[in-house]
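Here are the chains, one letter per residue:
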Amino acid sequence: MAQSHLLTHLRLFSYAPPAIACQSPLLSSNLLFINRSFSSPASGRSFSFSMATPDGAKKLKTSNYLRHVESLAVLPSGAGKISHLNAVILGEALASEENDLVFPSEEFSRQALVPSPMKYMEMYRRSIEDPAGFWSEIASEFYWKQKWGTTVYSENLDVRKGPIKIEWFKGGITNICYNALDRNIEAGNGDKIAIYWEGNDLGQDGSLTYSSLLEKVCQLANYLKDIGVRKGDAVVIYLPMLMELPIAMLACARIGAIHSVVFAGFSADSLAQRIVDCKPKAVITCNAVRRGPKVIHLKDIVDDALAESAKSGVSVDVCLTYENQSAMNRHDTKWQKGRDIWWQDTIPEYPTTCEIEWVDAEDPLFLLYTSGSTGKPKGVLHTTGGYMIYTATTFKYAFDYKPPDIYWCTADCGWITGHSYVTYGPLLNGATVIVFEGVPSYPDPGRCWNIVDKYKVTLFYTAPTLVRSLMREGDEYVTRYSRKSLRVLGSVGEPINPSAWRWFFNIVGDSRCPISDTWWQTETGGFLITPLPGAWPQKPGSATFPFFGVQPVIVDEKGAEIEGECSGYLCIKSSWPGAFRTLYGDHERYETTYFKPFPGYYFSGDGCSRDKDGYHWLTGRVDDVINVSGHRIGTAEVESALVSHPQCAEAAVVGVEHEVKGQGIYAFVTLVDGVPYSEELRKSLTLAVRKQFHCQIGPFAAPDKIHWAPGLPKTRSGKIMRRILRKIASRQLDELGDTSTLADPNVVDQLIALSDC
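Conventions adopted
Residues numbered from 1 in each chain as written. Predicted model: local features only at pLDDT ≥ 70, side-chain atom pairs only at ≥ 80, totals over all residues. Heavy atoms only, no water. UniProt positions renumbered as here; feature names shortened; annotations may be inferred. Axes fitted to C-alpha atoms, helices over the stretch in contact; angles between N-to-C directions. Helix = DSSP H or I, 4+ residues; strand = E, 2+ residues; numbered from the N terminus. Parallel < 35°, antiparallel > 145°, perpendicular 65-115°, else oblique. Contact = heavy atoms within 4.5 Å. Nonpolar A, V, L, I, M, F, W, Y, C, P; charged D, E, K, R; others polar. Pairing = 2+ DSSP bridges. pLDDT = per-residue confidence, 0-100. Polar contact = N/O pair within 3.5 Å; in protein donor to acceptor, adjacent residues only side chain to side chain.

- Per an unreviewed UniProt entry, the protein chain goes by Acetyl-coenzyme A synthetase and derives from Nelumbo nucifera.
- Regarding the protein chain, the UniProt comment filed under Sequence similarities (unreviewed entry) reads as follows: "Belongs to the ATP-dependent AMP-binding enzyme family."
- Under the UniProt heading Catalytic activity (unreviewed entry), the note attached to the protein chain is "acetate + ATP + CoA = acetyl-CoA + AMP + diphosphate".

### Some points on the packing of helix α2 (residues 117-129) against helix α3 (residues 131-139)
Here's step 1: Between α2 and α3, whose axes approach to 5 Å, the crossing angle comes to 115°. Taken together, α2 and α3 sit at an angle that is classed as roughly perpendicular. For the pair formed by α2 and α3, the contact residues are Met-123, Arg-126, Ser-127, Ile-128 and Glu-129 on the first element and Pro-131, Gly-133, Phe-134 and Glu-137 on the second.
Here's step 2: For the contact of α2 with α3, the residue count by class is four nonpolar, two polar and three charged.

### What about the sheet that holds strand β8 (residues 193-198)?
Here's step 1: On the basis of which strands lie adjacent, the open sheet formed by seven strands has the order β9-β8-β21-β20-β22-β23-β24 and mixed pairing. Strands at the two margins of the open sheet, each flanked by one partner only, are β9 (205-209) and β24 (515-517). Each strand of the sheet is rotated relative to its neighbour by a mean of 20°, with strand direction disregarded.
Here's step 2: Taken strand by strand, helix α11 (residues 416-428) contacts β8, β20 (406-409), β21 (432-436) and β22 (459-462), and its axis lies near 165° from that of β20.

### Concerning the confidence of the model for the protein chain
Here's step 1: Averaged over every residue, the pLDDT of the protein chain is 85; residues scoring 70 or more account for 84%.
Here's step 2: In the model, residues 1-62 has pLDDT below 50 throughout and makes 181 contacts with residues more than four positions away in sequence or in other chains.
Here's step 3: The low-confidence segment residues 73-98, where pLDDT is below 50, has 96 contacts with residues more than four positions distant or belonging to other chains.

### Structural notes on the sheet that holds strand β25 (residues 551-555)
Here's step 1: Spatial strand order, β25-β26-β28-β29: four strands in an open sheet with antiparallel pairing. At either end of the open sheet lies a strand with only one pairing partner, and these are β25 and β29 (616-621). The mean angle between the axes of side-by-side strands here comes to 45°, regardless of whether they run parallel or antiparallel.

### Points about the side chain of Ser-604
Here's step 1: One can find Ser-604 in strand β28 (residues 602-610).
Here's step 2: A polar contact of 3.0 Å, which involves the side chain of Ser-604, links it to the backbone nitrogen of Asp-606.
Here's step 3: Excluding its chain neighbours within four sequence positions, the residues that come into contact with Ser-604 are Trp-519, Gln-521, Leu-570 and Arg-621.

Spelled out as structure tokens, the structure:
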């Protein structure tokens, strides 16, 4: 039977070990605080925390919108012994079981920005009941040349009621570059390091203070104005992770230009598509970049892309090129006089101050193209004010940011993570950020932890694919480094399977660092579901609970909301400040893709399960669901089952046509380093999947084919290119498409060679 409210969900915050029997209090507006204490099963140490219990709980009726978070203060039903459930305290015990509860330490919670479930509930309740007041209060901490009007936000998410529209702080006049740089300098932080830059090769590094970063931003901004770039004009940025990349983004923002960052490594065709779509006034690039031992000639790619876009009627008059001397000298760089300009010869000549172009909160900030099912990239458009407030706030709370922190996100600015959580979110908070040009496994798999120790990184944010690949290389590459500076870890990009979560927690974080396993999308601008370090216990692999102002719902195929423990389609009810406003030049596609599937909701395209305690478990894209003999099986669930095998380092699952079952399960499996391929191991992996799935579905969930994979095709950000895997599995080798964006294109040939093994 469906649960009618949330009070049966987030119960585990008051969990006591089996030896302690207790009542199940509910949450109301009249809160009494009770101290609970229990002993850590591993250490025997007593651990205390506070929880909320109501006055007159039996009469409580829960507000509908809080039904999936209010159970933060409810004990597990039945109380007493709960089988197979372990309580773990950070710093005290290893997370070893898939259903472990990993509690923050008392010390960590005490200093956390959100130190308890009660504080979260207080803030969350306010953000839902009074979103205008909640977000206005936060927005007021930033600089506005002119404040917004009486209407803080307006929205229509229901296509049946007219065009989709989302607006936040409209009429407010501000500038995100001013808030990220000038505001922090005026607060006395001009001499604070804004960016530490770590090059591809050991020994290459640099840094910029907030003051020096602003000067360089102003020089580039003045140049862009000088060549005719005005408010609303587009600039394409095709740069690797040099400091010049965030400089270019901020320079565009300073003068009201719309930047479109394209991952430096995309093919000429992919770049040309984006140039033709947004018609930029200029392209900013560099001559080449070294990624590991490999040199990528970026300027050659740009030349080809500009030639291709010109054939489509879009010509670009300026190609500003940075000379990346560690990869290539200027004398070996192909050059077109009259169009190509060397950065180093030009930009330093411009003044180090530049007037701000003040913009409306709803004026465009950037375009970021993401892949579309039709093959044409989608130009996701984010505006200024709401995005600014949302990225700053999510960064602050999801990482429990404090001014002394040193923050490193391994993502490239060519992806949304690099926009929101390398450039804008951290700098808006006055943080010190690491920008890393290289690859995490070069010159060896210990490079990440070398960087962590070198800069005393406290907050580390990366992708599950990187975690799994480093896990495969062995613990010794991690444990040879101290890592004692780390205090919060983060995961982004796809669901992290429990075994990788536990390795990340136990080995990298020494069983003491909470993990912010974030769920969000290019379209959302910032985190929607995420742990808040110190606020509640975690379950390995779960994104946990919604961020402030976010109302996630799980619906069935007819769009009806499902209550209680369930699985279905993940949608969001009501807007949030960081939401994208449209697809550039194609609002109809925007509405069709995101709002027509379930009218009245934003449809994420992801599947999600909610367990009996209200924790959210992302199951991957719904188009990654395989229908096997009528059973809908999520690929993420099969992958997690495979990776739970001790000899499996990583797995990716796709569906293939099956003459009997409709679809079959095709699994690409990467083994732990040194483990040989064998039929016995293949059978063992299949059995591991069958055991993970219950009752009759077990045989259906077993892979029909296990394809040995020395590696998986991934972008540099760590995203697995499942489109390529589907083509290999279906033997459609002539339809592989563009593989130039892969971190290692050679992986594709290796997979094809192993197709019949």
